[in-house]
There are 2 protein chains.
Amino acid sequence: MKEFWSDRIRDMVPYTPGEQPRDRKFIKLNTNENPYPPSDGTLAAIRDAAGAELRRYPDPECTALREALAAFHGLTPEQIFVGNGSDEVLAFCFQAFFTPGRTVLFPDITYSFYPVYASLFGQDYREIPLDGDFGLPVEAFLGGSGGVVIANPNAPTGRDIPLSDIRRILEANSEAAVLVDEAYVDFGAQSAVELIGGYPNLVVVRTMSKSRSLAGLRVGYAMGNAGLIAALNCVKNSFNSYTLDRVAQAGAEASVRDADYFRAVVARVVRTRDAAAARLKELGFRVYDSAANFLFISHDKAPARELLSGLRERGILVRWWDKPRIDNCLRVTIGTDGEMETFCRVIGELVGAYT
Amino acid sequence: MKEFWSDRIRDMVPYTPGEQPRDRKFIKLNTNENPYPPSDGTLAAIRDAAGAELRRYPDPECTALREALAAFHGLTPEQIFVGNGSDEVLAFCFQAFFTPGRTVLFPDITYSFYPVYASLFGQDYREIPLDGDFGLPVEAFLGGSGGVVIANPNAPTGRDIPLSDIRRILEANSEAAVLVDEAYVDFGAQSAVELIGGYPNLVVVRTMSKSRSLAGLRVGYAMGNAGLIAALNCVKNSFNSYTLDRVAQAGAEASVRDADYFRAVVARVVRTRDAAAARLKELGFRVYDSAANFLFISHDKAPARELLSGLRERGILVRWWDKPRIDNCLRVTIGTDGEMETFCRVIGELVGAYT
């Protein structure tokens, strides 16, 4: 089967994305998508892009989109890099900033793509164990390194890290790039964007898949000083000159400009999350504090793996990992109020069988 | 400027794509785009994809698109890999099939992204000089290797290679993957797709940017035996699980299904190309036989670099490389009949000053 495969990839274990069912209709709380649609302006911009100009290559520099993002974040376009989803942006970051032989640090429980990138690019890494409550042991990141990757808020726990801790990590690793993956930051954590001016080693990565309801459009971006952004462009232009198609550029730009809609959607998800968290606590769940659009929950009496199957049988998908320390936890994406109502009712019934 | 850059990329020289002017209006014959729009069905499918479902991740396996391509090419979906433009697909091929320390072969004059990929992934390569007329010296590819990359027809020369030569290269390199980059094949070369069943080391790469008028949508694909395709999926899923957005998948699928439109557009470009070639010969140009949607031309008396500037001043962009052996050549994309009429008239006037 692996005839003709590069030696480099024979032993690779790729990332496993959450299930995307194509047949049966589920309440889908397993991949942290937004329950609300993109803004009308976004959809209109996409439809407008469906014209004869598609025969032309897109702008390889995504100029209009980077200008919109710069205005939104109070940065310059030279401080922004845009890619085909934050997964691509993160992969480019690993290539651009980390050197084989110099150890990169990230938590043991975090976005499971980080160790996959490191393996793909032959880089050394060390997984720092989170503490018992899945808090970040900041001290362990202060001894210097070949790079640091931190998700804030973290996935799949939802826990956030204060900016003061990020600042300490930046200062203690001043010789290396520090990536802060803010995929979920809009739902309640403090963004490190305001530190960019002060820390030339800081790269902040964002996605439009969660808070902007555009998982299907594949747009992510990185922010940092212009020298770091130039490194990302060097990698991109050695890999694929045009990673973002015309339609995605147009839709993403319109989304960034529709700031009011974005804020309203985020506020709604946060309200639903907080109500669901309270309800799950009443049902006896441990619910970790979440600054994201999902909840990380566990129950003393009801094994997570069995709840996962029970929910699936009743048409509800959530995410579970067969991994030490978190194998009694479920990650539940925040859906609409109605979906969360159903979810809480069904999981309450399932838990009833154990208590 | 290169503080925090990975040692791996400090000395990288990225690929330089052709100019994409954003202000002035040009007759754009510099990046091998199609002069005709995508089919109506393609544009309608893109507009239909602009809905609430964009909040969901796309199908990571591009199932519907792969099924359409399989039907079109007489293959199975397991023999097809889809990516974000053929540049991404080629980059994945270099990672998936070539191993550092084993020399990969490609011509000295060919798509200039190949050596960039090899450098990015730390791979060894040897550039085999094309013969005086830019023909492929097949014998030089028959000594065994760590991999072969051949563009058919070649870029920027437009010259094609008969299948019998491809077959010899496949047989002489039976321990290694042989990539045949068929970006331009629809305009007149023989495709190697029919060899896939017989050669487990063959990978054929295609783009929808040229013959399908979809440069702006970023869709490319690879075809080969299922084991090779699995290697590409291994790399992709270690890099970016969802490289093709929902809109691109929908548009590309519709384009593949609109086979009549596709054939009509290709035939029209070929007719225009052949007429322009005849006219340029009358003007004293050497015109290399082209099986692509561009012409590679040179003139004994009029230096290519000066023609390039003269054309640009008169609002016409073509492509020129500051590279030994081809620095007196221009690559001219085939536009509409009207655009080629203007191009031939203008270049005729420019050449008049030298003769």
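About the cut-offs
- Residues numbered from 1 in each chain as written.
- Chains lettered and ligands numbered in written order.
- Predicted model: local features only at pLDDT ≥ 70, side-chain atom pairs only at ≥ 80, totals over all residues.
- Heavy atoms only, no water.
- UniProt positions renumbered as here; feature names shortened; annotations may be inferred.
- Helix = DSSP H or I, 4+ residues; strand = E, 2+ residues; numbered from the N terminus.
- Rg over C-alpha atoms; globule rule 2.2 N^0.38 Å.
- Buried < 20%, exposed > 50% of the residue type's maximum accessible area, 1.4 Å probe, protein only.
- Contact = heavy atoms within 4.5 Å.
- Lys, Arg positive; Asp, Glu negative; His and termini not counted.
- Charge placed at Lys NZ, Arg CZ, Asp CG, Glu CD.
- Salt bridge = Lys/Arg side-chain N within 4 Å of Asp/Glu carboxyl O.
- Polar contact = N/O pair within 3.5 Å; in protein donor to acceptor, adjacent residues only side chain to side chain.
- Nonpolar A, V, L, I, M, F, W, Y, C, P; charged D, E, K, R; others polar.
- Phe/Tyr/Trp six-rings, centres within 6.5 Å; stacked < 30°, edge-to-face > 60°.
- Lys NZ or Arg CZ within 6 Å of the ring centre and 35° of its normal.
- Axes fitted to C-alpha atoms, helices over the stretch in contact; angles between N-to-C directions.
- Parallel < 35°, antiparallel > 145°, perpendicular 65-115°, else oblique.
- Left-handed = near helix turned anticlockwise from the far one by under 90°.

As recorded by an unreviewed UniProt entry, chain A carries the name Histidinol-phosphate aminotransferase and is attributed to Lawsonibacter faecis. Checking UniProt for chain A, the heading Catalytic activity (unreviewed entry) contains the comment "L-histidinol phosphate + 2-oxoglutarate = 3-(imidazol-4-yl)-2-oxopropyl phosphate + L-glutamate".

The secondary structure content of chain A amounts to 10 helices and 12 strands. For a compact globule of 355 residues, the expected C-alpha radius of gyration is about 20 Å, and chain A comes in at 21 Å, within 12% of that figure. Dimensions along the principal axes, computed over C-alpha positions, put chain A at roughly 55 × 50 × 50 Å. Classification of the 355 residues of chain A by burial places 64% in the buried group. If you take every contact in chain A between residues at least 6 apart in sequence, the share linking residues at least 24 apart comes to 73%. Averaging the positions of the 39 positive and the 45 negative side-chain charges in chain A gives two centres separated by 3 Å.

Attention shifts here to the interface of chain B and chain A. Contact with chain B, which involves 87 residues of that partner, is made by 87 residues of chain A. Applying the counting criterion to the chain B and chain A interface returns four salt bridges. With a shortest N-O distance of 3.1 Å, Glu33(B) and Arg56(A) are connected by a salt bridge. Where chain B packs against chain A, one counts 46 residue pairs in polar contact (both at pLDDT 80 or more). For the side of chain B that touches chain A, the secondary structure elements donating two or more residues are helix H1 (40–49), helix H3 (85–97), helix H4 (113–120), helix H6 (226–236) and helix H7 (246–257) of chain B. Tallied by class, residues from the side of chain B that touches chain A come to 48 nonpolar, 21 polar and 18 charged.

Considering all chains together, one arrives at 39 aromatic pairs over all chains under this definition. When the centroid spacing of 5.6 Å and the interplanar angle of 90° are considered together, the rings of Tyr111(B) and Tyr114(B) count as edge-to-face. Each member of the pair, Tyr111(B) as well as Tyr114(B), carries the same accessibility label: buried. Here the aromatic cluster, defined as three or more aromatic residues joined through ring pairs, consists of Tyr15(A), Phe94(A), Phe98(A), Phe106(A), Tyr111(A), Phe113(A), Tyr114(A), Tyr117(A) and Tyr125(A). When the ring centre of Phe262(B) is taken as reference, the NZ or CZ atom of Arg212(B) above it lies at 3.9 Å. The lysine or arginine in question, Arg331(B), covers the ring of Phe294(B), its NZ or CZ lying 5.6 Å from the ring centre.

Before going further, it helps to examine the packing of helix H9 (residues 304–313) of chain A against helix H10 (residues 337–352) of chain A. The packing of two helices is summarised by the inter-axis angle and the distance between the axes. Residues and elements named next belong to chain A. Look at H9 against H10: their axes get within 10 Å of each other, and the N-to-C directions meet at 125°. Of the possible angle classes, the one that applies to H9 and H10 is oblique. Taken as a pair, H9 and H10 cross one another with a handedness that is right-handed. In contact with Leu307, Gly310 and Leu311 of H9, H10 contributes Phe343, Val346, Ile347, Leu350 and Val351. In the contact of H9 with H10, the residues fall into seven nonpolar, one polar and no charged.

Moving on, we come to the UniProt feature "domain: Aminotransferase class I/classII large" (unreviewed entry) in chain A. The UniProt record marks residues 25–347 of chain A with the feature "domain: Aminotransferase class I/classII large" (unreviewed entry), using the residue numbering of this structure. Along residues 25–347 of chain A one finds 37% helix and 15% strand; the C-alpha atoms at either end are 18 Å apart.

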